[in-house]
Amino acid sequence: MAPSNRVWRCRAAERDWDNGSTASSITSMAEYTGPKLFKEPSAKSNKPIIHNAISHCCLAGKVNEPQKNQILEELEKCESNHLMILFRDGGCQFRALYSYFPDTEEIQKLTGTGPKSISKKMIDKLYKYSSDRKQFTVIPAKTVSVSVDALTIHNHLWQAKRSAVPKKSGK
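Residues numbered from 1 in each chain as written. Predicted model: local features only at pLDDT ≥ 70, side-chain atom pairs only at ≥ 80, totals over all residues. Heavy atoms only, no water.

Draft legend 1. Inspection of the side chain of serine 55 at higher detail. By the element assignment, serine 55 lies in helix 3 (residues 47–58). Only 2.9 Å separates the side chain of serine 55 from the backbone oxygen of histidine 51, close enough to count as a polar contact. When neighbours within four sequence positions are excluded, serine 55 is seen to be in contact with Ala60, Lys68 and Leu72. (Helix = DSSP H or I, 4+ residues; strand = E, 2+ residues; numbered from the N terminus. Polar contact = N/O pair within 3.5 Å; in protein donor to acceptor, adjacent residues only side chain to side chain. Contact = heavy atoms within 4.5 Å.)

Structural data, given as structure tokens:
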């Protein structure tokens, strides 16, 4: 019975809030000293997670060592707290490293192959890296946030630029 009481108490507190009762919220408001509007914390960095993802998943192995070292060097130089990996597709093939700015929601390329910047409309899927399983999983979300570690863009954006082949002149 205790678990159902806890659920009831939570619902009762919600009901108080909905009814405009401030009995339970006055004490919590008095203790709160932060900004009035919620802002997602940006001080926490995902650099260690991205470092692990690149080292142990995306560019693991001797074959990828030169590219991995170059990417990790760029990662260390970067002052951004939030980084994202761009994958070619759902196969999680590394393409580029991007910096994410939560305040402006901009995604700018640091190094690798991909567009200079990525807009919301370009994004196909979002991924989160699990350090213990050493793998990426799709996040069922539509919006980018600091909890995203990697992403893919829509396939048509990857179409290779055609080399400059002289066109036959029509006489």
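Back to the write-up after that little detour.
Draft legend 2. Structural context of the packing of aromatic side chains. Applying the stated criterion to the full structure yields three aromatic pairs. A ring pair is formed by tyrosine 129 and phenylalanine 136, whose centres lie 4.8 Å apart and whose planes are at 50°; its orientation type is tilted. Classification of tyrosine 129 as buried rests on a relative accessible area of 6%. Following the ring pairs from residue to residue traces out a cluster consisting of Phe87, Tyr127, Tyr129 and Phe136. (Phe/Tyr/Trp six-rings, centres within 6.5 Å; stacked < 30°, edge-to-face > 60°. Buried < 20%, exposed > 50% of the residue type's maximum accessible area, 1.4 Å probe, protein only.)

Draft legend 3. Here's a closer look at helix 4 (residues 65–77). Its 13 residues place the ends of helix 4 18 Å apart at the C-alpha level, agreeing with the 18 Å of an ideal helix rising 1.5 Å per residue. Along helix 4, the residues that are buried comprise Lys68, Ile71, Leu72 and Leu75. Down the axis of helix 4, the buried side of the element spans an arc of 100°, and every buried residue falls inside it. Within helix 4, the exposed residues directed more than 90 degrees away from the buried face are Pro66, Glu73 and Lys77. (Expected span 1.5 Å × (residues − 1). Arc of directions from axis to C-beta.)

Draft legend 4. Quick peek at the pairing of strand 5 (residues 123–130). In the sheet, strand 5 pairs with strand 7 (residues 150–153) via four bridges, with the strands oriented antiparallel. For tyrosine 127, the partnering residue across the bridge sits in strand 7 and is alanine 150. Judged from the five bridges that link them, strand 5 and strand 6 (residues 135–139) form a sheet pairing that is antiparallel. Bridge pairing links leucine 126 to isoleucine 139 in strand 6. Hairpin connection of strand 5 to strand 6: four residues between the antiparallel strands, including lysine 134 at a positive phi of 55°. (Pairing = 2+ DSSP bridges.)

Draft legend 5. Fine view of unusual backbone geometry. Positive phi, normally seen in glycine, also occurs at cysteine 92, with a value near 60°. Relative to the elements of secondary structure, cysteine 92 occurs in the loop between strand 1 (83–87) and strand 2 (94–101). Residue cysteine 92 is classed as partly exposed on the basis of its relative accessible area of 21%. In this structure, glutamate 105 takes a positive phi of about 60° despite not being glycine. Relative to the helices and strands, glutamate 105 is located in the loop between strand 2 and strand 3 (106–112).

Draft legend 6. Inspection of the pattern of salt bridges at higher detail. Under the criterion given, the structure shown has four salt bridges. Here glutamate 65 and lysine 62 are joined by a salt bridge, their closest N and O atoms 3.9 Å apart. What makes glutamate 65 partly exposed here is its relative accessible area of 29%. With a relative accessible area of 68%, lysine 62 lands in the exposed category. Residue glutamate 74 pairs with lysine 77 through a salt bridge whose shortest N-O separation is 3.4 Å. Here the residue glutamate 74 and the residue lysine 77 both occupy positions in helix 4, the gap between them amounting to three residues, near one helical turn. Of the residues examined, glutamate 74 reaches a relative accessible area of 24% and is grouped as partly exposed. When its relative accessible area of 55% is taken as the criterion, lysine 77 is described as exposed. (Salt bridge = Lys/Arg side-chain N within 4 Å of Asp/Glu carboxyl O.)

In short, shape yes, function no, at least from these values alone.
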